Amino acid sequence: MGGSGPGENRGGGRSPRPAWDDYFLDIVGLVAKRATCQRRSVGAALVRDRRILSTGYNGAPSGLRHCLEIGCLREQNHIPSGERHELCRGLHAEQNAIIQAALHGVSVKGATLYCTNHPCIICAKMIINAGIVRIVIGEGYRDELAEEMLAEAKIEVIRK
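Treat the numbers as computed from the prediction; the structure is a model and nothing was measured.

A.B. asks: I tried to follow the overall build of the chain on my own but got confused; where do I start?
C.D. replies: A tally of regular secondary structure across the chain gives six helices and five strands. Over its C-alpha atoms the chain spans a radius of gyration of 17 Å, differing by no more than 12% from the 15 Å that the globule rule assigns to 160 residues. Its C-alpha atoms put the chain at 55 × 35 × 30 Å along the principal axes. Taking the contacts inside the chain whose residues are at least 6 apart along the sequence as the reference set, 53% of them involve residues at least 24 apart. Within the structure as shown, the chain displays about 9100 Å² of accessible surface, and the carbon and sulfur contribution to it stands at 50%. Seen as two clouds, the 21 positive and the 17 negative side-chain charges of the chain have centres 6 Å apart.

Structure follows, in structure tokens:
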């Protein structure tokens with residue numbers, strides 16, 4: 001994966017190549033399509049040295065029934081978005097990406113997290129302790145405490 005720099009056109013009438021951040025954000029957009037959450041489809045990838053270490057999307061733990069099959073517990077109980085995260089069958093995309101890396105013995109220390117949405121506070125704490133140093137997101141998800149803690153941990157957050 002070397003070659004031309006970000007956005008450089010090598011000729012032949014092709015469009016310019018996407019910058020690396022845009023490239024990985026496009027990939028997590030595709031990963032999000034596997035999500036089984038009825039409320040929000042989120043995709044994430046952990047990347048170091050321009051190599052994907054792991055990916056994750058939001059959904060129930062492996063082998064368990066998910067919300068597309070049995071309905072959304074949060075909807076059934078009228079729980080607003082961003083509240084009571086523990087009342088959900090699913091894991092967040094960021095959590096699944098970190099867990100997949102751990103499951104396969106891949107260190108994520110020093111990695112960049114690419115995610116379709118801003119992490120919640122639970123994910124932010126996991127990101128800090130996992131040694132992730134940078135986050136690139138496609139959309140906002142207003143969680144002020146998560147933003148404050150990521151800033152305090154000196155984790156760079158870039159909104160594209």
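Structure's up, so let's keep going.
A.B. asks: So what exactly am I meant to see when it comes to the packing of aromatic side chains here?
C.D. replies: The geometry of an aromatic ring pair is captured by the separation of the ring centres together with the interplanar angle, meaning the angle of the planes. Under the defined criterion, the tally for this structure stands at four aromatic pairs. Site record: aromatic cluster; members linked through ring pairs are Trp20, Tyr23, Phe24 and Tyr114.

A.B. asks: Which parts of the structure should I look at to understand the sheet that holds strand β5 (residues 156–159)?
C.D. replies: Sheet strands line up and pair through hydrogen bonds in the backbone, either parallel or antiparallel. The five strands lie next to each other as β2-β1-β3-β4-β5, forming an open sheet whose pairing is mixed. Edge strands, defined here as strands with exactly one partner in the open sheet, are β2 (51–57) and β5. Direction aside, neighbouring strands of the sheet carry axes that sit 20 degrees apart on average. Note: strand β4 (residues 134–139) against β5, four bridges, orientation parallel. Looking at β5, one finds that Val136 is bridged to Ile158. The strands touched by helix α4 (residues 93–103) within the sheet are β1 (43–48), β2 and β3 (112–117), with β2 carrying the most contacts at an inclination of about 130 degrees.

A.B. asks: Sorry, what's going on with the packing of helix α5 (residues 121–130) against helix α6 (residues 144–152) here?
C.D. replies: Two measures define how a pair of helices packs: the angle their axes make with one another and the distance between the axes. Where α5 contacts α6, the two axes come as close as 8 Å, and the packing angle between them is 15 degrees. Taken together, the axes of α5 and α6 lie roughly parallel to each other. At the point where α5 passes α6, the crossing takes the right-handed sense. Listed contacts from α6 to Ile121, Ala124, Lys125, Ile127 and Ile128 of α5 are Leu145, Ala146, Met149 and Leu150. Here the residues of the contact of α5 with α6 sort into eight nonpolar, no polar and one charged.

A.B. asks: How should the environment of Lys125 be read in this particular structure?
C.D. replies: Within the fold, Lys125 resides in helix α5. Between the C-alpha atoms of Lys125 and Leu25, which are 100 residues apart in sequence, the distance is 22 Å.

A.B. asks: I'm lost on α4 in this one. Help?
C.D. replies: The periodicity of an α-helix, 3.6 residues per turn, causes residues three or four positions apart to be oriented the same way. Every buried residue of α4 is listed here: Ala93, Glu94, Gln95, Asn96, Ala97, Ile98 and Ala101. Buried residues along α4 sit in contact with β1, β2, β3 and α5. Once α4 finishes, Gly105 follows within two positions and takes phi at roughly 70 degrees, a positive value.

A.B. asks: Quick question: what am I supposed to make of α5 here?
C.D. replies: Of the residues making up α5, those classed as buried are Ile121, Cys123, Ala124 and Ile127. The arc enclosing the buried residues of α5, seen along the axis, measures out at 155 degrees, which places them on a common side. Its buried side turned inward, α5 meets α4, β3, β4 and α6. After α5 finishes, the residue Gly131 shows a positive phi value of roughly 85 degrees.

Definitions and cut-offs
Residues numbered from 1 in each chain as written. Predicted model: local features only at pLDDT ≥ 70, side-chain atom pairs only at ≥ 80, totals over all residues. Heavy atoms only, no water. Helix = DSSP H or I, 4+ residues; strand = E, 2+ residues; numbered from the N terminus. Rg over C-alpha atoms; globule rule 2.2 N^0.38 Å. Contact = heavy atoms within 4.5 Å. Areas by Shrake-Rupley, 256 points an atom, 1.4 Å probe, with all protein chains shown as cover. Lys, Arg positive; Asp, Glu negative; His and termini not counted. Charge placed at Lys NZ, Arg CZ, Asp CG, Glu CD. Phe/Tyr/Trp six-rings, centres within 6.5 Å; stacked < 30°, edge-to-face > 60°. Pairing = 2+ DSSP bridges. Axes fitted to C-alpha atoms, helices over the stretch in contact; angles between N-to-C directions. Parallel < 35°, antiparallel > 145°, perpendicular 65-115°, else oblique. Left-handed = near helix turned anticlockwise from the far one by under 90°. Nonpolar A, V, L, I, M, F, W, Y, C, P; charged D, E, K, R; others polar. Buried < 20%, exposed > 50% of the residue type's maximum accessible area, 1.4 Å probe, protein only. Arc of directions from axis to C-beta.

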